[in-house]
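Close look at the chain arrangement
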Amino acid sequence: MMHPNILNRFDLAGRTAIITGGARGIGLEIGRTLSMAGASIILADLDLETVKKAAVGVGPDVKAFQCDVTDPQSVRDLAAAIGACPDILVNNAGVVRVAPTKDTSDDDWHFVTSVNLNGVFHCCKTFGVAMAERGSGNVVNIGSMCGSIVVRPQNGPAYNASKAGVHMLTKTFACEWAKSGVRVNAIAPGYISTEMTSDPSYEISTWVELTPMGRFGRTDEVASVVHFLASDASSYMTGSVISVDGGYTCW
Ligand code: NDP
């Protein structure tokens, strides 16, 4: 038997990938990367005009849609608008609020958990279930190192809990759909340079000092791992949470 070319297993030609929160940052970079690997791309984000502008130049076959992942009806409307169920779902939309618990308002708690955790549930309920019924599909969730450790010096109880929930939902869906041809994995990034980490009040120097590699990660360094998980190169992986954190969680 001829040994298959390993690079073919990274090829996403003929597959469609939907990326939530795809208008900027890590989500937009995932769109570019999966497009380079041959996939048709659907970027979904809160503001239609912003995501339409972002879609320009991402690749040859890219569409942009409005979707608020906190609203299950908005997710169902997205599914109806795109028609066929995608092959790949990347649950990337996320928000952060940094404050100690005493200063975390009820609204902050609901805002962060609604996007980061409920959003993953709503998208998997719509797209993941449809993939399982079809018998094929691939889900990649963007968790965080904050889903398994408490970073410092800042705190974010809602963010940490929501990302721990994303990791656990990943394993739950992975087991539920393992025999239905759907793989579900997550990435737990460390500090990545995006608007989310650009607030001038953050203690960036401490973050860098606490990272063994001594620097922030780049969006393409997350996107390439999403590509691996979304492709057949990771065909025996499901329910995994992969750290992409410059070694942060080793210390
Ligand atoms: P950004 O803030 O740069 O981008 C997030 C995108 O998600 C924005 O376009 C935002 O739209 C969109 N979004 C927010 N709420 C919703 C919603 N309800 N429905 C649809 N889209 C929404 O973040 P990053 O690129 O840095 O982060 C991407 C993911 O990676 C997040 O899940 C984040 O938690 C995770 N992550 C990031 C890390 C980092 O260091 N940057 C580290 C670990 C994990 P709008 O601008 O309109 O709000």
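Residues numbered from 1 in each chain as written. Predicted model: local features only at pLDDT ≥ 70, side-chain atom pairs only at ≥ 80, totals over all residues. Heavy atoms only, no water.

With respect to the sheet that holds strand E7 (residues 241-244)
Basically, it comes down to this: By the convention used here, strands pair only if DSSP detects at least 2 bridges between them. A run of DSSP states H or I qualifies as a helix once it reaches four residues; a run of E qualifies as a strand once it reaches two. Both are numbered from the N-terminal end. Note on method: axes are straight lines fitted to C-alpha atoms, helices fitted across the in-contact stretch only, with angles between N-to-C directions ranging 0 to 180 degrees. Note on contacts: a residue pair qualifies if any of its non-hydrogen atoms lie within 4.5 Å across the two residues.
Reading across the sheet, the 7 strands line up as E3-E2-E1-E4-E5-E6-E7 and stay open at both edges, with parallel pairing between neighbours. Looking along the sheet, the strands with just one partner apiece sit at the ends: strand E3 (62-66) and E7. In this sheet, neighbouring strand axes are inclined to one another by 20° on average, regardless of whether the strands run parallel or antiparallel. Examined bridge by bridge, strand E5 (residues 137-142) and strand E6 (residues 182-189) share 6 bridges and lie parallel to one another. Directly across from Val139, in E6, lies its bridge partner Val184. In the packing of helix H7 (residues 219-230) onto the sheet, contacts are made with strand E4 (88-91), E5, E6 and E7, and the angle to E6 comes to roughly 165°.

Notes on the layout of surface pockets
What counts is decided by this rule: Using protein atoms alone on a 1 Å grid, points that fit a 1.4 Å probe yet trap it form a cavity, whereas open point sets bounded by protein on both sides within 12 Å along at least five of seven lines form a pocket; residues with an atom within 4 Å of a point count as lining. Grid points are joined across faces, edges and corners, and a volume is the space filled by probe spheres set on the points. Here the nonpolar group is Ala, Val, Leu, Ile, Met, Phe, Trp, Tyr, Cys and Pro; Asp, Glu, Lys and Arg are the charged ones; every other residue, Gly included, is treated as polar.
Size it by volume and the largest pocket reaches roughly 1,100 Å³. Lining the largest pocket are 48 residues, and of these Arg24, Gly94, Val95, Val96 and Met196 sit closest to its centre. When contributions to the lining of the largest pocket are tallied by element, the ones reaching two or more residues are helix H1 (25-36), strand E2 (40-45), helix H4 (106-134) and helix H5 (157-177). Class assignment for the residues of the lining of the largest pocket results in 23 nonpolar, 18 polar and 7 charged.

With respect to the site of the ligand
This is how it is decided: For each residue, the test is whether any non-hydrogen atom lies within 4 Å of the molecule or strand; if one does, the residue is near. N or O atoms within 3.5 Å of each other form a polar contact, as long as, within protein, one can give a hydrogen and the other can take it, and as long as residues adjacent in sequence are counted only when both atoms are side-chain atoms. What sets the accessible areas is the Shrake-Rupley method with a 1.4 Å probe; for residues, cover comes only from the shown protein chains.
Neighbouring the ligand are 29 residues, the closest being Arg24, Asp45, Asn92, Tyr159 and Thr194. For the ligand, an oxygen atom lies 2.8 Å from a polar atom in the backbone of Ile26. Taking Gly190, its main chain carries an N or O atom lying 3.5 Å from an oxygen atom of the ligand. Relative to its unbound accessible surface of 910 Å², the ligand loses 90% to contact with the protein.

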